[in-house]
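Understanding the architecture of this molecule
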Amino acid sequence: MKIRSALSALALVAGAGFGVIGTATAATAAPAPAGAAAEYGAAVTKITHAQATSRFSSSGITWSSSGGCSNRNVSTCTSFDQLNLASAQGAQTLKSASGCALRITGGTETGHASGTYSHWNGYKLDFAKATCLNNYVTGHFTYIGQRGDGAAQYKSASGNIYANEGNHWDVTFHNCGGC
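In this text, all values refer to a predicted model and were calculated from it rather than measured experimentally.

Cut-off values and rules
- Residues numbered from 1 in each chain as written.
- Predicted model: local features only at pLDDT ≥ 70, side-chain atom pairs only at ≥ 80, totals over all residues.
- Heavy atoms only, no water.
- Helix = DSSP H or I, 4+ residues; strand = E, 2+ residues; numbered from the N terminus.
- Buried < 20%, exposed > 50% of the residue type's maximum accessible area, 1.4 Å probe, protein only.
- Contact = heavy atoms within 4.5 Å.
- Areas by Shrake-Rupley, 256 points an atom, 1.4 Å probe, with all protein chains shown as cover.
- Salt bridge = Lys/Arg side-chain N within 4 Å of Asp/Glu carboxyl O.
- Pairing = 2+ DSSP bridges.

Turning our attention to the overall build of the protein chain. Scanning the protein chain from N- to C-terminus turns up 4 helices and 10 strands. Ordered by position from N to C terminus, the α and β elements of the protein chain give α-β-β-α-β-β-α-β-β-α-β-β-β-β. In the protein chain, buried positions account for 43% of the 179 residues. Across the protein chain, the fraction of contacts at a sequence separation of at least 24, relative to all contacts at a separation of at least 6, is 57%. For the protein chain, the exposed area adds up to about 8,400 Å²; of that, 54% sits on carbon and sulfur atoms.

Attention now moves to unusual backbone geometry. Phi at Gln82 takes a positive value of approximately 70°, unusual for a residue other than glycine. Structurally, Gln82 is set in the loop between β3 (62–63) and β4 (83–84).

Using the criterion set out here, one finds 4 salt bridges in the structure. The partner of Asp149 in a salt bridge is Arg147, with the nearest N and O atoms 2.8 Å apart. Classification of Asp149 by relative accessible area gives exposed; the value is 56%. Here Asp170 and Arg147 are joined by a salt bridge, their closest N and O atoms 3.1 Å apart. Taken together, the residues span a long stretch of sequence, with Asp170 in strand β10 (residues 168–172) and Arg147 in the loop between β7 (142–146) and β8 (152–155) at a distance of 23 residues. A residue is classified by how much of its surface remains accessible, and Asp170, at 3% relative accessible area, is buried. One network of salt bridges, with partners in common, ties together Lys124, Arg147, Asp149, Glu165 and Asp170.

Moving on, we get to the sheet that holds β7. As summarised here, the arrangement of the 7 strands in space is β3-β5-β6-β10-β9-β8-β7, forming an open sheet in which the pairing is mixed. Looking along the sheet, the strands with just one partner apiece sit at the ends: β3 and β7. Of the pairings in the sheet, the one linking β3 to strand β5 (residues 103–106) comprises 2 bridges and is parallel in character. When the bridges of β5 are listed, Thr62 appears paired with Arg103.

Glancing now at the pairing of β5. Here β5 pairs with strand β6 (residues 124–128) via 2 bridges, running antiparallel. Pairing of Ile104 across the sheet is with Phe127, part of β6.

A separate point is the side chain of Ser87. Relative to the assigned elements, Ser87 resides in helix α3 (residues 85–98). A residue is classified by how much of its surface remains accessible, and Ser87, at 1% relative accessible area, is buried. Excluding residues within four positions of it along the chain, Ser87 makes contact with Gly122, Tyr123, Lys124, Leu125 and Phe173.

And the structure:
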């Protein structure tokens, strides 16, 4: 079943005409969150920093790094190495659905909280706060309460979680958001 899911994911990528195929790896054996896509948790496709930045550039998504770097092992860098393809696609879906300018401020670099659905494991991206994005998230997604650290959380219809961490949105992509 894992091979079928990995092949399905690769076929989806190839069929989408993006021509970017990362390395399929088995996901951590944790249960998929409620509302996640059926294929979620079966296998994830990892992409490189270059593949992610190519996708983001083509969609008009920008990114910044407080350290001016992209080294995954330096916390002041913004890296996309080992980002899940679905997370990159989710950012692209957010951009096209919202029409907002998006700037990513955090990726897969070290220094974020650990866990199965973490930045390091490729499930999360941080987006700079902006009026358009703030209004889109709070106006289109369902408020689901506060996280343990007090961050207000909103859930999209596809199951992705947007947490307001004060100066940025911490987004957990359980899937591509309907790409």
